Amino acid sequence: MSENSNQPVMGRVYSLESFGSVDGPGVRFVIFLQGCAMRCKFCHNADSWDMQKGDLYSSDELLKKALRFRSYWAEKGGITISGGEPLLQMDFLLDFCKKAKAEGVDITIDSSGNPFTRKEPFFSKFQELMNYVDLFLLDIKEIDDEIHKDLTGCSNGNILEMAQYLSEIGKPVWIRHVLVPEYSDKDEDLKKLDAFIKTLKNVERVEVLPYHTLGVFKWQELGLDYPLEGINPPSKERIANANELLHTADYTKYLG
Ligand code: SF4
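Residues numbered from 1 in each chain as written. Predicted model: local features only at pLDDT ≥ 70, side-chain atom pairs only at ≥ 80, totals over all residues. Heavy atoms only, no water.

Asker: Any details on the pattern of salt bridges? Residues and values, ideally.
Answerer: Under the counting rule described, the total for this entry stands at 23 salt bridges. A salt bridge links Arg70 to Glu103; the nearest nitrogen and oxygen atoms lie 3.8 Å apart. Of this pair, Arg70 sits in the loop between α1 (59-67) and β4 (78-82) while Glu103 sits in the loop between α2 (90-102) and β5 (107-111), and the two are 33 residues apart along the sequence. Exposure remark for Glu103: the relative accessible area of 41% places this residue in the partly exposed category. Across the pair Asp194 and Lys198 runs a salt bridge, and its minimum N-O distance is 2.7 Å. Remark: Lys198 and Asp194 occur in helix α6 (residues 187-198); sequence separation between them is 4 residues, near one turn of the helix. On the basis of relative accessibility, which here comes to 8%, the residue Asp194 falls in the buried class. The class for Lys198 is partly exposed, based on a relative accessible area of 48%. In the salt-bridge network here, residues are joined through shared partners; they are Asp23, Asp110, Asp139, Lys141, Arg176, Arg205 and Glu207. (Salt bridge = Lys/Arg side-chain N within 4 Å of Asp/Glu carboxyl O. Helix = DSSP H or I, 4+ residues; strand = E, 2+ residues; numbered from the N terminus. Buried < 20%, exposed > 50% of the residue type's maximum accessible area, 1.4 Å probe, protein only.)

Asker: Residue-level account of the site of the ligand, with values.
Answerer: Around the ligand, the neighbouring residues are Cys36, Met38, Cys40, Phe42, Cys43, Trp49, Gly84, Ser112 and Lys141. Using a 2 Å cut-off from the grid points, one finds that the ligand occupies the largest pocket. Broken down by class, the residue content of the shell around the ligand amounts to 6 nonpolar, 2 polar and 1 charged. (Near = heavy atom within 4 Å. 1 Å grid on protein atoms, 1.4 Å probe; cavity = no way out; pocket = protein on both sides within 12 Å on 5 of 7 lines; lining within 4 Å. Sits in = over half its atoms within 2 Å of the grid points. Nonpolar A, V, L, I, M, F, W, Y, C, P; charged D, E, K, R; others polar.)

Asker: Describe the environment of Asp144, with residues and values.
Answerer: Note on placement: Asp144 falls in the loop between β6 (135-139) and α4 (145-152). Judged by relative accessible area, which is 25%, Asp144 ranks as partly exposed. In this structure Asp144 touches Asn156 and Asp189, once residues within four positions along its chain are discounted. A polar side-chain atom of Asp144 sits 3.0 Å from the main-chain amide nitrogen of Ile147. (Contact = heavy atoms within 4.5 Å. Polar contact = N/O pair within 3.5 Å; in protein donor to acceptor, adjacent residues only side chain to side chain.)

Asker: Any details on the sheet that holds strand β3 (residues 55-58)? Residues and values, ideally.
Answerer: Reading across from one edge, β3-β1-β2-β4-β5-β6-β7-β8 is the order of the 8 strands in this open sheet, with mixed pairing throughout. At either end of the open sheet lies a strand with only one pairing partner, and these are β3 and β8 (203-210). Here the strands of the sheet are splayed against their neighbours by 30° on average, with no regard to which way each runs. For strand β1 (residues 10-20) and strand β2 (residues 28-33), the ladder comprises 5 bridges, and the chain directions are antiparallel. (Pairing = 2+ DSSP bridges. Axes fitted to C-alpha atoms, helices over the stretch in contact; angles between N-to-C directions.)

Asker: Got a sec to walk through unusual backbone geometry? Specific residues and values, please.
Answerer: Residue Gly84 follows Gly83 across a cis peptide bond; omega there is 15°. Position of Gly84 among the secondary structure elements: in the loop between β4 and α2. The linkage connecting Glu120 with the following residue, Pro121, adopts the cis geometry, with an omega of 10°. Its identity as a non-glycine residue notwithstanding, Ala74 has a phi of 50°, on the positive side. Among the secondary structure elements, Ala74 is positioned in the loop between α1 and β4. Although it is not a glycine, Glu182 adopts a positive phi angle of roughly 75°. Looking at the element boundaries, Glu182 is found in the loop between β7 (173-179) and α6.

Right under this line is the structure:
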């Protein structure tokens, strides 16, 4: 329930995936929440940006739907809440995660880190959320802030700060890096990103996510020019190079 009324906190949901296998450990029910303030040039869900869209659910309705798939989750699986950007719907996220954790569900949050701040009222809520969340998937899209701003429309300052906070409290994290040729594929920056990741004490996995063009049609449907027109997905060699420079094979806790 919300703090000031008997009305349930409603969440705006972009889409649901019953059997996710790439957004956290094991088989997972993945909830993609609506709304994102970033404007990544490679975004493959540009239709998830608008905060006013999406299907409205209460936590109870959504949890009931997810728990129908519980028998598939086995030991490692559970629920992942992704987006859009899930931290933008913090009150709903708190309500949902609290109830899901009371049911003993393993919870992963997949976040861009963009809303993170140590200021109130966000920070107290984020700290409470930490009681219910088992794992964060955190994208670090580019370590150089100027390139990050060009690529995503936003600074990476608060994203790196969120990574540092999660390290301070020892919350397990998987770092994901979207490899975009001409932007986030420079050896020098990959080495800097590797050095930054090595300062963190909680990283269980590092993943390279190769840029792809599967979501281009969504930009067209929204009447938007696609900003990465002419940029192709990275070659196998560049993907291997990024994996090598980021030492992804060294983070083996969940591999296999
Ligand atoms: S953070 Fe994710 S949802 Fe938001 S614009 Fe970037 S890729 Fe799209």
